[in-house]
Amino acid sequence: MPNDSKTPEGAHVTNFIKQRIEADLAAGKYAQRRWGGKPGKLVVHKDAPLDPAKIRTRFPPEPNGYLHIGHAKSVCLNFGLAQEYGGICHMRFDDTNPEKEEQEYVETIIDAVKWLGFGFGSRDEYLYFASDYFDLMYEFAECLIGHGDAYVDSQTPEEMQRSRGSFQEPGKDSPFRARTPAENLALFREMRDGKHPDGAHVLRAKIDMASPNINMRDPAIYRIKRATHHRTGDKWCIYPMYTYAHPIEDALENITHSICTLEFEDQRPFYDWLLEKLATHGMLQRPLPQQIEFSRLNMTYTVMSKRFLLKLVQEKYVDGWDDPRMPTLVGARRRGFTPEGFRMFAERIGVSKADNSIDPSVLEDCMREHLNEVAPRRIAVLDPLKLLITNYPEGASEECLAPNHPQKPDWGKRPMPFSRELWIEREDFNEEPPKGYFRLFPGNSVRLKYGFVVKCTGCTKDAHGKVIEVMAEYHPDSKSGTPGADHYKTKGVIHWVSAAHAYEAEVRLYDRLFKVAIPGKATENYLDDLNPDSLKVIRAYLEPSLREAKGEDRFQFERHGYFVIDAANSPNLAFIRTVTLRDSWTAK
């Protein structure tokens, strides 16, 4: 059955990958494939029913770190293609490097993909691991050796590097290239059985040391590595190289379109060579998978190197992998970014063969667009200044009604308590206002949004001349929603919360982690370009209904942007700014 997630809404947008898939479907290229119900070699599939999936794609991360925004594009692309064309996308971990892989990463990656809105079967039946195929990979290696397509090389790594040649010079045959299949098989089995130290031998494909494509100059396909694997333990002391394992995984899983980023383009000849050899030797079902490359996601003001992100975490430049400034999906989720926004982003930027860099504002706009639809409105005062309504009775209060969403009347209204003392934004008062300033200043009237019209009568200052309180009088018959409200015309509208009822909470204002578009360009050190103002922590006054917020509840704080509960800050309630209401970075 196809993956059980909803296809992102929107008009059909084509690209070169979709055109390739549509051409293959029209030609019936994969219509006769058979599926034995699980991945396997030819014998598993050849007498099985026709594959119910029209296409099969896969998302194959290595479990050696957290997924980042670039991975989100690949997730949306691979799962989205399968959904659109009646196919299945496999979730597969390329766990062939035991020294860098951990179960923690497996779990966080699965969680991130599901959070993005994609599944891999109703019971995770399309969740696979490269390590599940280690026995078959070994069998295929012996098959290649037996047919003279692979040999054990005993050169040192330095000798292999020197003999590989360059773009200008062909490589040189290894002195061990002429070993017989029997000699190679015996040595390879000794490698498997732990009879040789790490680095003593490697298994290489026998192709062409004079090939203009350096990747075809007898690439290594197995190495000795004594390392405990997170799933297979110490069963193996030899492990397949990624370039060998990946095409085999695709073929075993009946993948039709193997979507990769452009750095794998030079590896495609080996991908095709390997699968053709194994199919010719009766190991794999035809037609074979095809690899298609697209440009990876690059984003300005961002670094997505796992090594550098790990450095940021380890050296405490950020508060962990889920720091909201990090380009990781766990960081984006904590910041309040939504799966729907990511899917919209992936659709909007599309796929191409050309390398380009996307400005973060494109992603932020997608988040704003989605959050505008789903986020209830609330009032928060982030830079508070006391407003005293001098003619309002002391100790009294009353309710004003505010819509939960101005474009969604069916969401209803919420009560906002009004009282004698209010908090307003400091920028909403100016004793000597510039031209065009319509907010509070002595003698001017404004409407308190959802409340009353008030007229400023003066202010109080401290010993240093700083305004600490503003005074005003209110018009009792001007309450919003009452007939009298229409009698008052003001140019300014400001927001407020009742001081007696307000909820004081921590608010974290996050900005971009880097202050320049291309971090490290000037000094070759990313750290030199960290934005010192990427986090500002303040205490703010919020309307009392926000006291009940929990989990990942999201809101639009009117005038300020979209905010989310910081679940990681539990048990203390804190809010994180997801994005401002409009792109403020470009303006700066």
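The coordinates are above.
Residues numbered from 1 in each chain as written. Predicted model: local features only at pLDDT ≥ 70, side-chain atom pairs only at ≥ 80, totals over all residues. Heavy atoms only, no water.

Caption draft 1: Structural view of the side chain of K479. Mapped onto the elements of the fold, K479 is located in the loop between β20 (467-474) and β21 (493-494). Side-chain polar atoms of K479 contact the backbone oxygen of E399, separated by 2.6 Å. (Helix = DSSP H or I, 4+ residues; strand = E, 2+ residues; numbered from the N terminus. Polar contact = N/O pair within 3.5 Å; in protein donor to acceptor, adjacent residues only side chain to side chain.)

Caption draft 2: Broad picture of the packing of helix α3 (residues 69-84) against helix α12 (residues 339-349). Contact pair α3 / α12: the axes reach a minimum separation of 9 Å and the direction vectors enclose 80°. Regarding the angle of α3 to α12, the classification is roughly perpendicular. Within the contact between the two elements, α3 uses I69, A72, K73 and C76 and α12 uses F342, R343, F345, A346 and I349. Its residues placed into classes, the contact of α3 with α12 shows 7 nonpolar, no polar and 2 charged. (Axes fitted to C-alpha atoms, helices over the stretch in contact; angles between N-to-C directions. Parallel < 35°, antiparallel > 145°, perpendicular 65-115°, else oblique. Contact = heavy atoms within 4.5 Å. Nonpolar A, V, L, I, M, F, W, Y, C, P; charged D, E, K, R; others polar.)

Caption draft 3: Main features of the environment of R559. On the secondary structure map, R559 appears in the loop between β25 (554-557) and β26 (561-565). Here the alpha-carbon distance between R559 and L581, two residues 22 residues apart in the chain, equals 7.1 Å. Other than its neighbours up to four places away in sequence, R559 contacts E425, E427, D428, R439, I494, H495 and L581. For R559, the side chain forms a polar contact with the side chain of D428, separated by 2.6 Å.

Caption draft 4: Focus on the packing of aromatic side chains. Evaluation of the coordinates by the stated rule reveals 27 aromatic pairs. Where F79 meets F118, the ring centres are 5.3 Å apart and the plane angle is 25°; that geometry is what we call stacked. On the criterion of sequence distance, the pair formed by F79 in helix α3 and F118 in the loop between α4 (103-115) and β3 (127-129) is long-range, its members being 39 residues apart. Assessed through its relative accessible area of 0%, F79 is described here as buried. (Phe/Tyr/Trp six-rings, centres within 6.5 Å; stacked < 30°, edge-to-face > 60°. Buried < 20%, exposed > 50% of the residue type's maximum accessible area, 1.4 Å probe, protein only.)

Caption draft 5: Examining the side chain of H246 more closely. Note on placement: H246 falls in helix α8 (residues 242-252). For H246, the side chain forms a polar contact with the side chain of R58, separated by 3.1 Å. If near-sequence neighbours (up to four positions away) are discounted, H246 is found in contact with R58, P60, R92, D94, S258, C260 and Y271.

Caption draft 6: View of α3. Its 16 residues place the ends of α3 22 Å apart at the C-alpha level, agreeing with the 22 Å of an ideal helix rising 1.5 Å per residue. Counting buried positions along α3 gives 15 out of 16 residues, so the element sits mostly inside the fold. (Expected span 1.5 Å × (residues − 1).)

Caption draft 7: Up close: the pattern of salt bridges. A full pass over the atoms with the stated rule returns 47 salt bridges. A salt bridge links K353 to E293, with the nearest nitrogen and oxygen atoms 3.2 Å apart. Of the two residues, K353 is situated in the loop between α12 and β11 (357-358) and E293 in strand β9 (residues 290-294); the sequence distance between them amounts to 60 residues. Across the pair R439 and D428 runs a salt bridge, and its minimum N-O distance is 3.0 Å. Of this pair, R439 sits in the loop between β17 (421-425) and β18 (445-448) while D428 is found in the loop between β17 and β18, placing the two residues 11 residues apart along the sequence. Sharing partners across several salt bridges, the network here consists of R58, R92, E249, D250 and E253. (Salt bridge = Lys/Arg side-chain N within 4 Å of Asp/Glu carboxyl O.)

Caption draft 8: Helix α5 (residues 134-146), seen in detail. For α5, spanning 13 residues, the distance from its first C-alpha to its last is 18 Å, which sits close to the expected 18 Å at 1.5 Å a residue. A large share of α5 lies buried, amounting to 10 of its 13 residues. All of the buried residues in α5 are F134, L136, M137, Y138, F140, A141, E142, C143, L144 and I145. With its phi angle positive at about 75°, G148 sits one or two positions after the end of α5.

Caption draft 9: Looking closely at the sheet that holds β20. With respect to topology, 7 strands assemble into an open sheet ordered β21-β18-β19-β20-β14-β17-β22, the strand pairing being mixed. The sheet is open, and its two edges are formed by β21 and β22 (496-498), each paired on a single side. (Pairing = 2+ DSSP bridges.)

Caption draft 10: Quick look at the nonpolar core. In this structure, V113, F188, Y244, L284 and F342 are the most contacted members of the largest nonpolar core, which totals 83 residues. The residues touching F188, leaving out its near neighbours within four places in the chain, are Y138, A141, E142, I145, V152, L203, Y222 and I238. Residues M416, I424, F452 and A472 belong to the second largest nonpolar core, which totals 30 residues. (Core = buried A, V, L, I, M, F, W, Y, C linked by side-chain atoms within 4.5 Å.)

Caption draft 11: Expanded view of the pairing of strand β2 (residues 88-93). Buried residues dominate β2, accounting for 6 of its 6 residues. Pairing of strand β1 (residues 56-59) with β2, which is carried by 4 bridges, proceeds in the parallel orientation. In the strand pairing of β2, F59 is matched with M91. Assessed by its sense of winding, the connection that carries the chain from β1 through α3 to β2 is right-handed. (Right-handed = clockwise from strand over helix to strand, strands pointing away.)

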